[in-house]
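Read off the chains here:
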Amino acid sequence: MKIKGRRRAGAACMGLVLGLFSPGKAWAASPEFARTEEEWTKLEDNTIEYGELEDLVHEYNATVQDNYYTYIKFREDYGDTNDDVSQAYYDLAQDFYDDMSGDDDASSMMSDLNLQIQADNMMEQADESLEDSKIYLLTYEQAEKSLAASAQSYMISYHKNLASREQKEAEVQAAQTAYDLAQVQYTAGTATQMDVLTAKESLQTARNELTQLDTDIQSSRENLQVLLGWSYDANPEIGELPEVDTSRIDAMDPAADLEQAKENNYTLQINKRQLENARDQTTKDSLTSTIANNEKQIGASLSSAYKDVLSSELAYEQAQAELSLQEKNTQIAQAQLAAGMITQKEYQDQENTLTNSQLAVQTAAMDLLEDMETYDWSVRGLAAAE
């Protein structure tokens, strides 16, 4: 079933034009021949799949579409090379100069002064410009990849909050039970009014936390939907996250991956391109220093991302070990309950501990997934370089 408002472009630039005039509408940026029918069918269904996030951002994100249009417009107006850009500024400056009347009346003199200022500014930009179409392209590619990384984070956050909701509901129920019991005990004279008020406050706190969690879930969903081209009030199905694959960690090596991270890094590529376009020595010296610092920061960023992965892996392993222990404890508690050795409440407490351990494993797995993605994005060009 096709989604209302989600369409693919039928001509090479149709998606571009539609993206410009309807930035909130989810029209695909690519022409129909850019993907197979099977690929389009997957992207155009009403389901958000984790493995499709990058493609969804590329095709349907309004910012990506608008940036691509701006890139094409820049090339049309200014050309591709830095010399082309500078010449365009020179031409604009000359147009301003040509528009000056040279008349000596007050109005003409004021108009000529304004034209003179604008022309001089254009001349200055022509002399100092570091821009070219490649820099624009790199800037917009960086933005697109950052949006894809954000989509992953939103989807992971959404599932983290969903996993937490069951526990929060149980906490509300437990707080309600404790409050009801406190009221009964107060009536029987075995609890004080303060005990009742304390239980009531705990219940309200638990309810507030559940309400806040529901708000966070909805916020993550809306942010994800809008980023991928749906309207905020749409209702696409959000698929599951992939199972955490710890074998990915074996392939991670910050020392070996550093050169690839530098080569791919968008900030570093942009600054190197600007250095190539720089004319005066002061600008060249400044950019040379900036590039050297970029390279140091990329190494530090990659190393930090790797440490985060290892830390999350350890937390995941510890959570798994704790879950295994609590599964055994629950089996023991079942036998003890059957033998009358523990109360129903004591058994329920153990079941709650088991549930919390299960949630801890799920959360640790999602934390590890997110950190592994961050490391991979660092290698792919998004390592912090400043």
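This is a predicted model, so every value here is computed, not measured. (Residues numbered from 1 in each chain as written. Predicted model: local features only at pLDDT ≥ 70, side-chain atom pairs only at ≥ 80, totals over all residues. Heavy atoms only, no water.)

Draft legend 1. Examining the nonpolar core more closely. Ranked by internal contacts, the top residues of the largest apolar core, which has 29 residues, are Ile48, Leu53, Met155, Leu224 and Leu228. Counting only elements with at least two residues in this core, the list comes to helix 2 (37-44), helix 3 (53-60), helix 7 (133-188), helix 8 (193-227) and helix 13 (344-382). Considering each element in turn, this core owes the most residues, 7 residues, to helix 7. In this structure, Met252, Ile291, Ile298 and Ala385 belong to the second largest nonpolar core, which totals 23 residues. (Core = buried A, V, L, I, M, F, W, Y, C linked by side-chain atoms within 4.5 Å. Buried < 20%, exposed > 50% of the residue type's maximum accessible area, 1.4 Å probe, protein only. Helix = DSSP H or I, 4+ residues; strand = E, 2+ residues; numbered from the N terminus.)

Draft legend 2. Representation of a negative patch on the surface in the model. Residues Asp120, Glu124, Asp127, Glu128, Asp280 and Asp285 make up a contiguous surface patch of negative charge. Structurally, aspartate 285 can be placed in helix 12 (residues 281-338). (Patch = residues over 30% accessible without salt bridge, like charges linked within 9 Å, V, L, I, M, F, W, Y side chains within 5 Å. Areas by Shrake-Rupley, 256 points an atom, 1.4 Å probe, with all protein chains shown as cover. Salt bridge = Lys/Arg side-chain N within 4 Å of Asp/Glu carboxyl O. Lys, Arg positive; Asp, Glu negative; His and termini not counted. Charge placed at Lys NZ, Arg CZ, Asp CG, Glu CD.)

Draft legend 3. Structural view of the confidence of the model for the protein. On average, residues of the protein score 90 in pLDDT, and 93% of them reach the 70 mark or higher. This model gives residues 1-25 a pLDDT under 50, and the stretch forms 52 contacts once residues within four places in sequence are excluded. (pLDDT = per-residue confidence, 0-100. Contact = heavy atoms within 4.5 Å.)

Draft legend 4. Fine view of the pattern of salt bridges. Taken as a whole and assessed by the stated rule, the structure comprises 19 salt bridges. The salt bridge partner of glutamate 171 is lysine 168, with a shortest N-O separation of 3.5 Å. Here glutamate 171 pairs with lysine 168, and both are found in helix 7, just 3 residues apart, close to one helical turn. A relative accessible area of 30% places glutamate 171 in the partly exposed class. Each member of the salt-bridge network shares a partner with another, and the members are Arg35, Asp55 and Glu59.

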